Amino acid sequence: MPLHISSKQNPKIKQVLNLQKHTERRKTGLFTCEGRKEQEKLLASGYHPESVFYCPEILSEQAVKSFYGQALPDNFYSVSGDVYEKIAYRGQSGGILCIASGREHRLPPAPREKHPIYLVIEGIEKPGNIGALFRTADAAGIDGIILADERTDLYNPNAIRASIGCIFTVPAYIAGNAESLNWLKQHNIQVFTTWLEASHPYHQVDYTEACAIVLGTEADGISPAWVKASDKNIIIPMRGKADSLNVANSGAILLYEAMRQRGF
């Protein structure tokens, strides 16, 4: 039988709320995940929940046990409706959430694939954009995302939500700009930067060899070090009045052109 929690002052409830803060996630190495689709991907990707909270007014105990199976931890709690409403970051999210441990996301010794394709996202702060890029990367089936000069942590609840759990399914690597760039050059991976000057239309660039597409913030673009080391600058032609696209939209256009050239 799960322990029932009806007080918002319960230490376990306070832990869930604290993990909505970046500082607490960084300090503890833990994060929260809610939503059935997100947690399905979390479990399928080998993450192990440390605690599970569910609201019996929304979901039955048997349904929770069936959902988690052998992955259900000993720390298994039912919570009252008002408590669940308090801890659910996004409101009605299926009546179930968990706490899990994050992973280290160091660059690997070498790429797994012979002709890999990576997306590098430098300094992007909005978790919604990060999540959307992971969702696109999962759909396109690319080999990984490198978060260079990370400014929003990967396990931000909004990033998880926007990715619909794809931050768990796409290999993610976190490193500084210099380390990321050195790793790509060391493994003979072409660097294509989104940059306005001396650029080539994106559909005229060959993405069939090992390559990395670099995106930066909409406000500041990418750092000079990336531009200097770029094998080619690429541009998405703009025919209207807007001078830029949302970074997540740009990523989708570029990744799908790359996968089109590779025959999906």
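Up top is the structure these notes are about.
Residues numbered from 1 in each chain as written. Predicted model: local features only at pLDDT ≥ 70, side-chain atom pairs only at ≥ 80, totals over all residues. Heavy atoms only, no water.

Description of the overall build of the protein chain
The condition that has to hold: Strands are runs of DSSP state E lasting at least two residues, helices are runs of H or I lasting at least four, and both sets are numbered from the N terminus onward. In this description the radius of gyration comes from C-alpha coordinates, and the expected globular size is given by 2.2 Å times residues to the power 0.38. Burial classification: accessible surface area is computed with a 1.4 Å probe over protein chains only, and a residue below 20% of its type maximum counts as buried, one above 50% as exposed, and the rest as partly exposed. Method for areas: the Shrake-Rupley scheme with a 1.4 Å probe, in which residue coverage is limited to the protein chains shown. By the counting rule applied here, Lys and Arg register as positive and Asp and Glu as negative, while His and the ends of each chain are not counted. Lysine's charge is taken at NZ, arginine's at CZ, aspartate's at CG and glutamate's at CD.
Looking only at helices and strands, the protein chain features 10 helices and 12 strands. A compact globule built from 264 residues should have a C-alpha radius of gyration of about 18 Å, and the protein chain, at 20 Å, falls within 12% of that. Expressed as lengths along the three principal axes of its C-alpha atoms, the size of the protein chain is roughly 65 × 40 × 35 Å. Looking at the protein chain residue by residue over its 264 residues, the buried ones come to 48%. Carbon and sulfur atoms form 47% of the exposed surface of the protein chain, whose accessible area is close to 12900 Å². Charge separation in the protein chain, taken as the distance between the mean sites of 28 positive and 28 negative side-chain charges, equals 2 Å.

Quick notes on the environment of I253
Note the following rule: The contact criterion used is simple: two residues touch if any of their non-hydrogen atoms lie within 4.5 Å.
Within the element layout of this structure, I253 appears in helix α10 (residues 247-261). Separated by 131 residues in the primary sequence, I253 and E122 have C-alpha atoms spaced 18 Å apart. With residues near it in sequence (within four places) discarded, I253 still touches Y202, I236 and L245.

With respect to the sheet that holds strand β2 (residues 30-34)
This is how it is decided: At least two bridges found by DSSP between two strands are what make those strands a pair. Lines fitted to C-alpha atoms define the axes, with helix axes restricted to the stretch in contact, and inter-axis angles between N-to-C directions lie between 0 and 180 degrees.
One open sheet holds the 5 strands; their spatial order is β1-β4-β3-β5-β2, and the pairing between them is mixed. The two strands at the open ends of the sheet, each matched to only one other strand, are β1 (3-5) and β2. Neighbour-to-neighbour, the strand axes of this sheet turn through a mean angle of 25°, independent of strand direction.

Some points on unusual backbone geometry
The backbone of N188 sits at a positive phi, close to 55°, despite the residue not being glycine. Along the chain, the position of N188 falls in the loop between α8 (177-186) and β9 (190-194). Judged by relative accessible area, which is 65%, N188 ranks as exposed. Not every positive phi belongs to a glycine, and F264 is a case in point at roughly 50°.

Some details on the sheet that holds strand β11 (residues 211-215)
Taking strand neighbours across the sheet as the criterion, the 7 strands line up as β8-β7-β6-β11-β9-β12-β10 in an open arrangement whose pairing is parallel. Each edge of the open sheet carries a strand with a single partner, namely β8 (172-175) and β10 (199-201). For this sheet, the mean angle separating the axes of adjacent strands, direction not counted, is 30°. Set on the sheet, α10 makes contact with β6 (117-122), β9, β11 and β12 (232-235); between it and β11 the angle comes to about 165°.

Looking at the pattern of salt bridges
Put simply, the test is: Salt bridges are identified by distance alone: a Lys or Arg side-chain nitrogen within 4 Å of an Asp or Glu carboxyl oxygen.
This model, assessed by the stated rule, comprises 9 salt bridges. Here E24 and K27 are joined by a salt bridge, their closest N and O atoms 3.5 Å apart. Of the two residues, E24 and K27 both sit in helix α2 (residues 22-28), 3 residues apart, roughly one turn of that helix. For E24, a relative accessible area of 19% corresponds to the buried category. K27 gets classed as exposed once you look at its relative accessible area, which sits at 64%. Note that E150 and R26 form a salt bridge whose closest N and O atoms lie 3.8 Å from each other. Taken together, the positions of E150 in the loop between β7 (144-148) and α7 (157-163) and R26 in helix α2 put the pair 124 residues apart, joining distant regions of the chain. Residue E150 is classed as partly exposed on the basis of its relative accessible area, which comes to 24%.

Here we look at the packing of aromatic side chains
Worth spelling out the cut-off: When the centres of two rings from Phe, Tyr and Trp lie within 6.5 Å, Trp using its six-membered ring, the rings pair. Their planes under 30 degrees apart give stacked, over 60 give edge-to-face, and anything left gives tilted.
Inspection of every chain in the model, using the stated rule, returns 11 aromatic pairs. Ring centres 6.1 Å apart and planes at 85° place the aromatic pair F31 and Y47 in the edge-to-face group. Of this pair, F31 sits in strand β2 while Y47 sits in the loop between α3 (36-44) and β3 (49-54), placing them 16 residues apart in sequence. The residues F31 and Y47 share a single accessibility class, namely buried.

Observations concerning the layout of surface pockets
Over the atoms rolls a probe the size of a water molecule, and in doing so it shows where empty space is left. To keep things clear, this is the line we draw: In the cavity and pocket records, a cavity denotes points on a 1 Å grid over the protein atoms alone where a 1.4 Å probe fits but cannot get out, a pocket denotes an open set with protein on both sides within 12 Å along at least 5 of 7 lines, and lining residues are residues with an atom within 4 Å of a point. Grid points are joined across faces, edges and corners, and a volume is the space filled by probe spheres set on the points. As a working rule, the residues Ala, Val, Leu, Ile, Met, Phe, Trp, Tyr, Cys and Pro are called nonpolar, Asp, Glu, Lys and Arg charged, and the rest polar, with Gly in that last group.
Taken as a whole, the largest pocket encloses approximately 550 Å³ of empty space. Secondary structure elements with two or more residues in the lining of the largest pocket: β12 and α10. Counting residues per element, the lining of the largest pocket draws most heavily on α10, which supplies 3 residues. The residue inventory of the lining of the largest pocket, partitioned by class, reads 12 nonpolar, 6 polar and 3 charged. Of the voids in this model, the second largest pocket is the one considered here, and its volume is about 280 Å³. R25, R26, R103, D153 and Y155 are, among the 15 residues lining the second largest pocket, the residues nearest its centre. Of all the elements in the fold, those that place two or more residues in the lining of the second largest pocket are α2 and β2. For the lining of the second largest pocket, the element with the most residues is α2, which contributes 3 residues.

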